[in-house]
Amino acid sequence: MISAQNLTKKFGRIIALDSVSFDITPGEFVFLTGPSGSGKTTLLRLIMREIKPDAGKLTLQGPVKIHEYRRTVGTVFQDFKLLADRSVYENIALPLEIMGAVSADIDKAVKKAIDLVELSARTDLFPAQLSGGELQRVAIARAIVTRPKLILADEPTGNLDPKTAKTIVKLLSTIHEQLKTTVLMATHNANIVNHLGKRVIALDLGKVTNDNPKGKYE
Amino acid sequence: MNSPTSTAWSRIRRSPYQALAAISIMTMTLFLGSIFFLVAAGSQSVLKYFETRPQVNAFFKSDVVPTTQAVDLIKSKLETTGLVESVRYVSKEEALQIYKDLNKSDPLLLEAVTANMLPASIEVSAKNPSDLKTIAEALKTEPDVEDVRFAEDIVNQLAVWTNSVRLIGFSLVGAHIFITFIIILLIIGIKVSNRRDEIVLYQLLGATGGYISAPFVWEGILYGLTGAVIAWGVSYLILLYSTPFLIRFLTGIPILPVPVGFMLTVLGGELLLGAVIGGLGGLLAVRRFLKA
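Since the model is a prediction, treat every value here as computed from it, not as a measurement. As a convention, each chain's residues are numbered from 1 in the sequence order in which they are written. By the order in which they are written, chains take letters starting at A while ligands take numbers starting at 1. Note on the predicted model: pLDDT of at least 70 is required for a residue's local features to be given, and 80 or more for side-chain atom pairs to be given and counted; whole-chain, interface and lining totals, by contrast, use all residues. Only heavy atoms go into the side-chain values, all of them from the structure, while hydrogens and water stay out.

(A) Quick look at the packing of aromatic side chains. Only centres within 6.5 Å qualify two rings of Phe, Tyr or Trp (six-membered ring in Trp) as a pair; their planes then separate them into stacked at under 30 degrees, edge-to-face at over 60, and tilted for everything else. Under the counting rule described, the total for this entry stands at 5 aromatic pairs over all chains. Here Tyr202 of chain B and Tyr211 of chain B contribute two aromatic rings whose centre-to-centre distance is 5.8 Å and whose plane-to-plane angle is 75 degrees, an arrangement assigned as edge-to-face. Cation placement over rings: the criterion is NZ of Lys or CZ of Arg within 6 Å of the ring centroid and within 35° of the ring normal. Its end group placed over the ring of Tyr69 of chain A, Arg49 of chain A keeps NZ or CZ at 5.2 Å from the ring centre. Its guanidinium or amino end placed over the ring of Phe216 of chain B, Arg11 of chain B lies 4.4 Å from that ring's centre, counting from NZ or CZ.

Printed below as a string of structure tokens:
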């Protein structure tokens, strides 16, 4: 699914990633941990093909064209990135609209995604009318509505209280199990990582410090 | 599902002052364009009218009544030069009739004039206005011809005037089109900048450049189309209002009233021009951002 070999990325004189190597197989749930500035977001941006590596090789499964590749990846952001002038339904429908899906297919897929994140009662509301947890649920529904093979979640619980954060991660775990989606989640929430007992790739100062199939937050 | 046009329309409604600025400058430019186009087209028609009129009048001596043979001889001499489009003989009686027609509103002028007082003449149209002088010189050599008049100066002056109108019009309208283009670029550029996060999100979700650009391009096109309709409407109203005065001013030159079909063609041209300026402005504004 994702194979990184000696991946290096620099921003000027700052080395964001330094010879990072790992492999993620389809269907895995992987936590990417490390303190702020450790290179988690840089790694996710490389996988989203927002930026290119300076050295090393990153092999990604999917189409060659960037926009087509991104359609096969669902992304969840810490700040949700929902459009304020669109309703919950419209926000979730956005990736399908971009793909040029027909209205009937959009409707079917959006309703399924809404059911999965348990937001049926909020369909017509706008982002400003939702709580933090609900906003992240909408973002997750938007990420899964196209049934992507890979979900990238960049600190999805960063803006949430511990209880809501736990619910969101549980939701991502459910989606991973039900849809067999590969999930790569960047976080520095130790409780969540330790609770789920999934694979952990730990980064510090741009280097992989630990890669454990049933890891803990260190 | 939101179409690019409905997205563009909702963005216009959400920033009415920017839309007003864009439509105003577009209207001003297209109004100026339509005024210059109408003036240029009008002067071109006037020029054509004068070019097709008899351009050389050779008047016989007033005591001479030329015989048919004499007139035919002059005609054949002119025709052999190959410079002449048509030649027409106007007898003293026909001259009187023309005089009467021109002065029918003034009976006092009609009473004193008889056919004998007016000279017979030959009216000549040239194939090319530049040959008028040669034709006039040839007619002057005829012994029975007393006076030769030709409209070389009028036609030449009209041609110069028409060219000047075109040149000034093109320069002024061209400069305005450039300014309008820059303003549309700036206005849509501001909107693109305001929607930076939204555009980045679209890119992350796999949107193509075309998908992202389309609403901005449509926004520019809508500004252009609105400006074109307003500019056309105003210029048509002004034209209709001034038509009675212009008809009096251009007595005998049949270019007014302007046919509706012609005005609809002008509208089509303005819509196209407005759409191109607006659409291109929008496209460039968003492309600049996408490339950055």
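(B) The arrangement of the interface of chain A and chain B in detail. Facing 18 residues of chain A, the contacting portion of chain B comprises 14 residues. Of the roughly 1,600 Å² buried at the junction of chain A and chain B (both faces included), carbon and sulfur atoms supply 62%. Whenever Lys or Arg places a side-chain nitrogen within 4 Å of a carboxyl oxygen from Asp or Glu, that contact is recorded as a salt bridge. The tally of links from chain A across to chain B stands at 1 salt bridge. Salt-bridge contacts for Asp85 of chain A lead to Arg14 of chain B; the nearest nitrogen and oxygen are separated by 2.8 Å. Contacts described as polar in this section are N or O atom pairs within 3.5 Å, which, within protein, must combine one atom able to donate a hydrogen with one able to accept it, while residues neighboring in sequence count only if both atoms come from side chains. Linking chain A with chain B are 5 residue pairs in polar contact (both at pLDDT 80 or more). Contacts are residue-level and defined by heavy atoms, with any inter-residue pair within 4.5 Å sufficient. Here the quantity called buried area is the total loss of accessible area, with a 1.4 Å probe, experienced by two parts when brought into contact, counted for both.

(C) Seen up close, the domain arrangement of chain B. Looking at the assigned domains, one finds that chain B contains domain 1 (4–50 + 156–291) and domain 2 (56–150). Taking the mean C-alpha position of each, domain 1 of chain B and domain 2 of chain B sit 50 Å from one another. As annotated, the domain borders come from an automatic or database domain assignment.

(D) Main features of helix H4 (residues 92–102) of chain B. All names here are of chain B. Looking at H4, one finds that the buried residues are Lys92, Ala95 and Leu96. What you see down the axis of H4 is that its buried residues fit within an arc of 100 degrees, all on one side. Of the surrounding elements, those touching the buried residues of H4 are strand S2 (84–90). Burial here depends on accessible area, computed with a 1.4 Å probe over protein chains only, as a share of the maximum for the residue type. Under 20% is buried, over 50% is exposed, and the range in between is partly exposed. Secondary structure elements follow DSSP: runs of H or I no shorter than four residues count as helices, runs of E no shorter than two count as strands, and numbering proceeds from the N terminus. The directions from the helix axis to the C-beta atoms are what the arc is built from.

(E) Fine view of the confidence of the model for chain B. pLDDT is a per-residue confidence score from the predictor, ranging from 0 to 100. The pLDDT averaged across chain B works out to 84; a share of 96% of its residues lies at or above 70. The ipTM assigned to the predicted complex is 0.87, against a pTM of 0.71.

(F) Inspection of unusual backbone geometry at higher detail. Residues other than glycine seldom take positive phi values, yet Glu155 of chain A does so here, at roughly 45 degrees. Along the chain, Glu155 of chain A turns up in the loop between strand S6 (150–154) and helix H6 (162–179).

(G) The arrangement of the pairing of strand S2 (residues 14–24) of chain A in detail. Residues and elements named next belong to chain A. One bridge is not enough; two strands pair if DSSP finds at least two bridges between them. Examined bridge by bridge, strand S1 (residues 2–11) and S2 share 7 bridges and lie antiparallel to one another. When the bridges of S2 are listed, Leu7 appears paired with Val20. Two successive antiparallel strands, S1 and S2, enclose a turn made up of 2 residues, where Gly12 displays a positive phi of approximately 65 degrees.

(H) Region of interest: the packing of helix H3 (residues 88–99) of chain A against helix H4 (residues 103–116) of chain A. All names here are of chain A. The geometry of H3 relative to H4 is characterised by a closest axis approach of 9 Å and an angle of 130 degrees between their N-to-C directions. The angle between H3 and H4 places the two elements in the oblique class. Crossing angle aside, the handedness with which H3 passes H4 is right-handed. For the pair H3 and H4, the contacting residues are Tyr89, Ile92, Ala93, Leu96 and Glu97 in the first and Ile106, Asp107, Ala109, Val110, Ala113 and Ile114 in the second. Partitioning the contact of H3 with H4 into residue classes produces 9 nonpolar, no polar and 2 charged. Convention adopted: a line fitted to C-alpha atoms gives each axis, helices being fitted over their contacting stretch, and angles between N-to-C directions are expressed from 0 to 180 degrees. For classification, angles of less than 35 degrees are called roughly parallel, those exceeding 145 degrees roughly antiparallel, those between 65 and 115 degrees roughly perpendicular, and all remaining angles oblique. Working rule for handedness: look at the near helix, and if it is turned counterclockwise from the far one by less than a right angle, call the crossing left-handed; if clockwise, right-handed. Any residue outside Ala, Val, Leu, Ile, Met, Phe, Trp, Tyr, Cys, Pro, Asp, Glu, Lys and Arg is labelled polar, Gly included; the first ten of those are nonpolar and the last four are charged.

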